[in-house]
Amino acid sequence: LKRSEVAEARKSSYARVMETQRRFSRAAVLLLGAWTAVFPPTFAQATNAPVKDLGKGRFQIGLVTLDRQSKSLSFPAAVNMNTGLVEYLVVTTGGKIHESVFKTEAEPFHIHAAMLLLGAKLDTNIDTAVFFDPKREIPGPKLKIEVAIPAQGGRTLPIHEFLQNAQSKTTVTAGQIPHWIYNGSRMSDGVFLAQREGSVISLIADPSAVINNPRQDRQNDELWMTNEGKVPPVDTPVVLKFALAPE
């Protein structure tokens with residue numbers, strides 16, 4: 001190659017590197033803003049979550065991967081229960097695992113930071129009375145939630161299909177739970193309650209969970225059970241995907 005061509009190639013390569021750095025810096029600023037908007041500085045520092053730029057608008061916070069183009073996030077989980085009554089769909093391994101279909105090692109504060117970066121618009125510390133009043137709607141953006149099962153060729157199902165109505169013993173349909181509400185949990189004395197309680201997706205009214213069931217009968221803790229025909233064996237790995245519904 002001629003010297004001019006080599007110089008031009010180096011210049012082009014340098015420009016690409018600088019653009020990547022600028023893009024990451026912009027994303028880092030957005031992430032920091034989303035993080036500090038909700039978490040006190042001392043709490044945010046304590047989490048010490050590494051943020052990785054995966055390219056093309058995709059980032060990873062802890063175990064959570066977010067895609068800004070599709071306005072979605074995903075994280076690994078596993079089957080926790082495949083029989084019996086349940087009050088939660090997803091909890092952390094330190095949460096209420098005696099009553100949840102799935103369990104995850106993903107941190108609720110990482111999920112929440114990712115949701116904020118995706119543009120989730122939330123009220124701050126919603127009045128807890130709203131959750132327990134069937135005449136009122138829990139405020140928050142609507143979510144579509146799916147579960148992928150790698151052991152079944154990546155088969156993906158809406159999360160409600162892993163549930164049955166405990167009274168009718170029928171599979172829950174999209175008409176019964178058309179969406180989920182991202183309410184974003186609560187802060188109390190500097191503590192992010194979803195992190196402390198380990199509650200991610202709740203079927204019963206739970207202000208501490210980051211996601212709640214929008215149904216009017218959400219106070220009924222004997223309404224849901226696992227769908228044994230759909231839920232894989234305990235400890236089967238799965239991938240949870242949350243997507244913001246169009247406004």
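Our structure is the block above this text.
A quick note: this is a predicted structure, and the numbers were derived from the prediction, not measured.

The next point concerns the pattern of salt bridges. As enumerated under the stated definition, the model contains 5 salt bridges in all. Across the pair Lys 144 and Glu 146 runs a salt bridge whose closest N-O atoms are separated by 3.4 Å. Take Glu 146: its relative accessible area is 21%, and that puts it in the partly exposed class. The salt bridge involving Arg 215 is made with Asp 217; its shortest N-O contact spans 2.6 Å. Judged by its relative accessible area of 27%, Asp 217 is partly exposed.

Turning to the packing of aromatic side chains, a few remarks are in order. Overall, the coordinates contain 2 aromatic pairs when judged by the stated rule. Between Phe 75 and Phe 242 the ring centres are 5.3 Å apart and the planes differ by 90°, which places this aromatic pair in the edge-to-face class. Of this pair, Phe 75 sits in strand S4 (residues 72-79) while Phe 242 sits in strand S16 (residues 237-244); the two residues are 167 residues apart in sequence, bridging distant segments of the chain. When its relative accessible area of 1% is taken as the criterion, Phe 242 is described as buried.

Okay, the pairing of strand S6 (residues 100-104) next. S6 sits mainly inside the fold: 4 of its 5 residues count as buried. Looking at chain direction, S4 and S6 are connected through 2 bridges and run antiparallel. If you follow Ala 78 over to S6, its bridge partner there is Lys 103. As defined by bridge partners, strand S5 (residues 88-92) adjoins S6 across 4 bridges and the pair is classed as parallel. Looking at the pairing, Val 90 lines up with Phe 102 of S6.

Another point: the environment of Val 101. With respect to the secondary-structure elements, Val 101 resides in strand S6. Linking Val 101 and Tyr 88, residues 13 residues apart in sequence, is a C-alpha distance of 6.7 Å. With sequence-adjacent residues up to four places away left out, Val 101 is seen in contact with Ala 78, Val 79, Asn 80, Met 81, Val 86, Tyr 88, Leu 89, Leu 163, Thr 226 and Val 231.

Moving on, we come to the side chain of His 160. Examined against the element boundaries, His 160 turns out to sit in the loop between strand S8 (155-158) and strand S9 (163-165). If we ignore the near neighbours within four places in the chain, the residues touching His 160 are Val 172, Thr 173, Ala 174 and Ile 177.

Most of helix H3 (residues 108-117) sits out of view: 9 of its 10 residues are buried. Of all the positions in H3, only Pro 108, Phe 109, His 110, Ile 111, His 112, Ala 113, Ala 114, Met 115 and Leu 117 are classed as buried. Gly 119 sits one or two residues past H3 and shows a positive phi near 105°.

Turning next to the pairing of strand S13 (residues 199-202). With 3 bridges connecting them, S5 and S13 associate as antiparallel partners. Its bridge partner being in S13, Tyr 88 is matched across the sheet by Ser 202. Pairing of S13 with strand S14 (residues 211-212) involves 2 bridges; the strand directions are parallel. The partner of Ile 201 across the bridge, within S14, is Ile 211.

The phi dihedral of Lys 56 is positive, around 55°, even though this residue is not glycine. Structurally, Lys 56 can be placed in the loop between strand S1 (51-55) and strand S2 (58-61).

One finds Leu 73, Ile 159, Trp 180, Ile 201, Leu 240 and Phe 242 to be the most contacted residues of the largest nonpolar core, which totals 50 residues. With 6 residues, H3 is the single largest residue contributor to this core. When near neighbours in sequence (up to four residues on either side) are disregarded, Phe 242 contacts Lys 71, Ser 72, Leu 73, Phe 75, Ile 111, Leu 143, Lys 144, Ile 145, Val 200, Ile 201 and Ile 211.

On the secondary structure map, Gly 184 appears in the loop between strand S10 (180-182) and strand S11 (187-188). Assessed through its relative accessible area of 7%, Gly 184 is described here as buried. As a C-alpha pair, Gly 184 and Ala 113 span 71 residues in sequence and 9.8 Å in three-dimensional space. Among residues more than four places away in sequence, those in contact with Gly 184 are His 112, Leu 122, Phe 192, Ala 209 and Val 210.

Further remarks concern the side chain of Ser 100. The topology assignment puts Ser 100 in strand S6. The exposure class assigned to Ser 100 is buried, which follows from its relative accessible area of 0%. Side-chain polar atoms of Ser 100 contact the backbone oxygen of Leu 89, separated by 3.3 Å. One polar contact links the side chain of Ser 100 to the main-chain carbonyl oxygen of Phe 102, over a distance of 2.7 Å. Those residues in contact with Ser 100, other than ones at most four positions away along the chain, are Asn 80, Met 81, Val 86, Tyr 88, Leu 89, Val 90 and Val 91.

What counts as what
- Residues numbered from 1 in each chain as written.
- Predicted model: local features only at pLDDT ≥ 70, side-chain atom pairs only at ≥ 80, totals over all residues.
- Heavy atoms only, no water.
- Salt bridge = Lys/Arg side-chain N within 4 Å of Asp/Glu carboxyl O.
- Buried < 20%, exposed > 50% of the residue type's maximum accessible area, 1.4 Å probe, protein only.
- Phe/Tyr/Trp six-rings, centres within 6.5 Å; stacked < 30°, edge-to-face > 60°.
- Helix = DSSP H or I, 4+ residues; strand = E, 2+ residues; numbered from the N terminus.
- Pairing = 2+ DSSP bridges.
- Contact = heavy atoms within 4.5 Å.
- Core = buried A, V, L, I, M, F, W, Y, C linked by side-chain atoms within 4.5 Å.
- Polar contact = N/O pair within 3.5 Å; in protein donor to acceptor, adjacent residues only side chain to side chain.

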